[in-house]
Amino acid sequence: MVSTLPSLPHVPGTDPSSCILDAFRTAIAKRISDRLPQLTIEQAYSGVDYGKKGVDFTVALPRFRLPGKPDELAKKVLEDFQPDDFISSITHDKQFLHFQLNNASLIREVLNQIHALTYDSPSGKPSYGINTSGAGKKIVIEFSSPNIAKSFHVGHLRSTIIGAFLVNLYRACGWDVTALNYLGDWGTQFGMIASGFEKYGSQEALSKDAIKHLYDVYVSVTKDAEADPNVKVEAAKWFKRMEDGEESALGNWREWRELSIKKYIEEYERLNVSFDRYTGESEVGKEWMDKAVQRLDELGLISDVKGAKLVDLEKWKLNKAVLRKADGTSIYLTRDIAGAIERWQKYQFDKMIYVVASQQDLHLAQFFQILKLMEFPWADRLEHVNYGMVLGMSTRKGTAVFLDQIIKEAASVMHEQMKRNEEKYNSIENPEYVSQEVGITGIKIQDMAAKRINNYTFNWDRMLSFEGDTGPYLQYAHVRLTSMERKNPELLPLPPPSQIDTSSLAESTHARDIATLLGSYPDVVKTALKTHEPSGVVTFAFRLAHAISSAWETLVVKGELDMEKARARLWLYLCARDVLGAAMRLLSIRPLERM
């Protein structure tokens, strides 16, 4: 893509070839540093912020800490200002300078860039919004991590949704990402299942749905244990045999693990989530677990309490943590420490993220602190991305919940709603698939709409509504944009961008609002990388959907007699479709074309 804008000096950290707004910001910074020569263009650039409603960019003069009053500095910047290809006006308001961009240039350049990076990108894949800030860096992201013996429930859902977003986000920013699912596939609960399987197990039920059957066995044997303490004693003995590597104790467990992973892969595929590797607690070697205890003992941090090994982290306000039980079996913490060491040896990562609920804040802090005490130079590359609870998530009848029940119910409610419009329903090739996708979008958007640390109450009615800021509303916005080509075949194929006259769009505030939002998408991605917040991308998608919705009435395509205007508008809507689709895919949502 060749920009028609005048050339500008390069500011480190900017890339107008992937984010055209960088060029407009650079032009503002150049104006400021030319008029206030004590500032370099880089210093001036750092002060150019998005403006509030009605203003493109704002510069707060006091932040530069220059001698002289803000009024005098503003006067110098405003002196003999002439509108140009970048800036149409500058207004002075107390300590601020507000900059409005040139409408015609802005709209033309944004649409050109989106088109070029979507259809003619060097990689051959749509790449508008992506950047290379993480090129050459490796990251391991551990997320989802369900427990084979328990249901895949809503707590895992949050980790799965946020983790999948982070995987997409880091890949979009050029990182080499390894997505890990660290299964809860070890521990005394497997002793419980092993001892209970003889009584309650069924090979037929196991091969049908391993996860559900093992969960049912676990529930039944746990009930037995409440009445008979010996059940737990037997289970502990069984797990000790597993830890000691006894083949007769491990045979069934291996089969259960394999069948469970097979089932998980199907569940994740429905959610549009995949992993590079399934690992688990069972794969963590004993060597580093023993070494960890030994190293901490040498540091004088281990105490023996009734045969159990405890590490004292009081000095760091992190309490005492159990490293080994009195019977010698390992626990989470020891396995996490050893697992991190093994991952470092395998991946040599620049960063490793654990996507784990905020209830585990103390556990993660203890674990990270212990690795620092063991003097691993990479211990400060670990990061905990935490999140709040989902409250009240159950089926509409209020029964406790496997995730697939929630998905089935969301899909069936959507299916019923779709049937209400018979004509549209009959035009959909695969209504079951569409209703499932809309249902999953509803679940995901409700989850990602607010800051991830917030708890939220799961609300069926809100989740499945086509009104307000919901998943179905976003899918509907994308479908409506996609239908523009089907409804206007006489305008297709559109001529190359250089032959589309966008000047009429510059007169429309709606077109300008849409173009400004589209131009900001690369910044939305960069900000999300800093905050690890999917909510920023969700907010962007809704703002874009609202801007498009309010433009339909005035920026009409069908029925516009001026073909040049109609083509320019159609192109604007198609660029909006491409960017909305990119934002949805970043959130691990599959954008639909009909519904």
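Reading guide: rules and limits
Residues numbered from 1 in each chain as written. Predicted model: local features only at pLDDT ≥ 70, side-chain atom pairs only at ≥ 80, totals over all residues. Heavy atoms only, no water. UniProt positions renumbered as here; feature names shortened; annotations may be inferred. Core = buried A, V, L, I, M, F, W, Y, C linked by side-chain atoms within 4.5 Å. Buried < 20%, exposed > 50% of the residue type's maximum accessible area, 1.4 Å probe, protein only. Helix = DSSP H or I, 4+ residues; strand = E, 2+ residues; numbered from the N terminus. Pairing = 2+ DSSP bridges. Axes fitted to C-alpha atoms, helices over the stretch in contact; angles between N-to-C directions. Contact = heavy atoms within 4.5 Å. Domains from an automatic or database assignment. Buried area = accessible area lost by both parts, 1.4 Å probe. Salt bridge = Lys/Arg side-chain N within 4 Å of Asp/Glu carboxyl O. Phe/Tyr/Trp six-rings, centres within 6.5 Å; stacked < 30°, edge-to-face > 60°. Disulfide = S-S within 2.5 Å. Patch = residues over 30% accessible without salt bridge, like charges linked within 9 Å, V, L, I, M, F, W, Y side chains within 5 Å. Areas by Shrake-Rupley, 256 points an atom, 1.4 Å probe, with all protein chains shown as cover. Lys, Arg positive; Asp, Glu negative; His and termini not counted. Charge placed at Lys NZ, Arg CZ, Asp CG, Glu CD.

Where an unreviewed UniProt entry is consulted, the protein chain appears under the name arginine--tRNA ligase, with the organism given as Paxillus rubicundulus Ve08.2h10. We quote the UniProt Catalytic activity (unreviewed entry) comment for the protein chain here in full: "tRNA(Arg) + L-arginine + ATP = L-arginyl-tRNA(Arg) + AMP + diphosphate". Regarding the protein chain, the relevant UniProt record gives this comment under Sequence similarities (unreviewed entry): "Belongs to the class-I aminoacyl-tRNA synthetase family."

Run through the nonpolar core, naming residues and quoting values.
Counting residues in each nonpolar core, the largest one holds 167 residues, and the members touching the most others are Ile-32, Ile-141 and Leu-518. Looking at this core, the element that brings in the most residues is helix H21 (residues 563-586), giving 14 residues. Formed by 39 residues, the second largest nonpolar core is a distinct cluster that contains Leu-180, Val-356, Trp-378 and Ala-379.

Explain the sheet that holds strand S12 (residues 382-385) to me, and be specific about the residues and the numbers.
If you walk across this open sheet you meet the 5 strands as S7-S6-S5-S11-S12, and the pairing is parallel. Because the sheet does not close on itself, it has two edges, and the strands there are strand S7 (277-280) and S12. For this sheet the average axis-to-axis angle between neighbouring strands, irrespective of direction, equals 25 degrees. Of the strands in this sheet, strand S5 (138-142), strand S6 (176-183), S7 and strand S11 (351-355) touch helix H12 (residues 332-347), which is tilted by about 150 degrees from S6.

Just give me the short version of the domain arrangement of the protein chain, but keep the residues and values in it.
Under the domain assignment, the protein chain is made up of domain 1 (20-101), domain 2 (138-282) and domain 3 (443-587). Computed over C-alpha atoms, the centres of domain 2 and domain 3 are 39 Å apart. The partner domain 3 presents 17 residues to the 14 residues of domain 2 that form the contact. At the boundary of domain 2 with domain 3, total buried surface from both sides reaches about 1,400 Å², with 71% on carbon and sulfur atoms. Ranking the residues of domain 2 by area buried against domain 3 places Arg-158, Ile-161 and Phe-165 at the top, with a combined share of 45%. Counting every contact that joins domain 2 to domain 3 gives 1 salt bridge.

Could you give me a rundown of the packing of aromatic side chains, with the residues and numbers involved?
Scanning the entire structure with this criterion turns up 24 aromatic pairs. Taking 6.4 Å as the distance between ring centres and 50 degrees as the angle between the ring planes, the aromatic pair formed by Tyr-268 and Tyr-278 counts as tilted. You can see Tyr-268 sitting in helix H10 (residues 247-270) and its partner Tyr-278 sitting in strand S7, a full 10 residues away along the chain. Each member of the pair, Tyr-268 together with Tyr-278, is buried. What links up through ring pairs into an aromatic cluster is the set Phe-143, Tyr-264, Tyr-268, Phe-275 and Tyr-278.

Break down the state of the cysteines for me, citing the residues and quoting the values.
As enumerated under the stated definition, the model contains 0 disulfides in all. Of all cysteine sulfurs, the one in Cys-173 lies closest to Cys-19, which takes part in no disulfide; the gap is 12 Å. Cys-575 takes part in no disulfide bond, and the closest cysteine sulfur, belonging to Cys-19, lies 15 Å away.

Tell me what's going on with a positive patch on the surface, and back it up with residues and numbers.
Together, Lys-424, Arg-480, Arg-486, Lys-487 and Arg-594 line one region of the surface with positive charge. Considering each element in turn, the positive patch owes the most residues, 3 residues, to helix H18 (residues 471-487). Tracing the backbone shows Lys-487 in helix H18.

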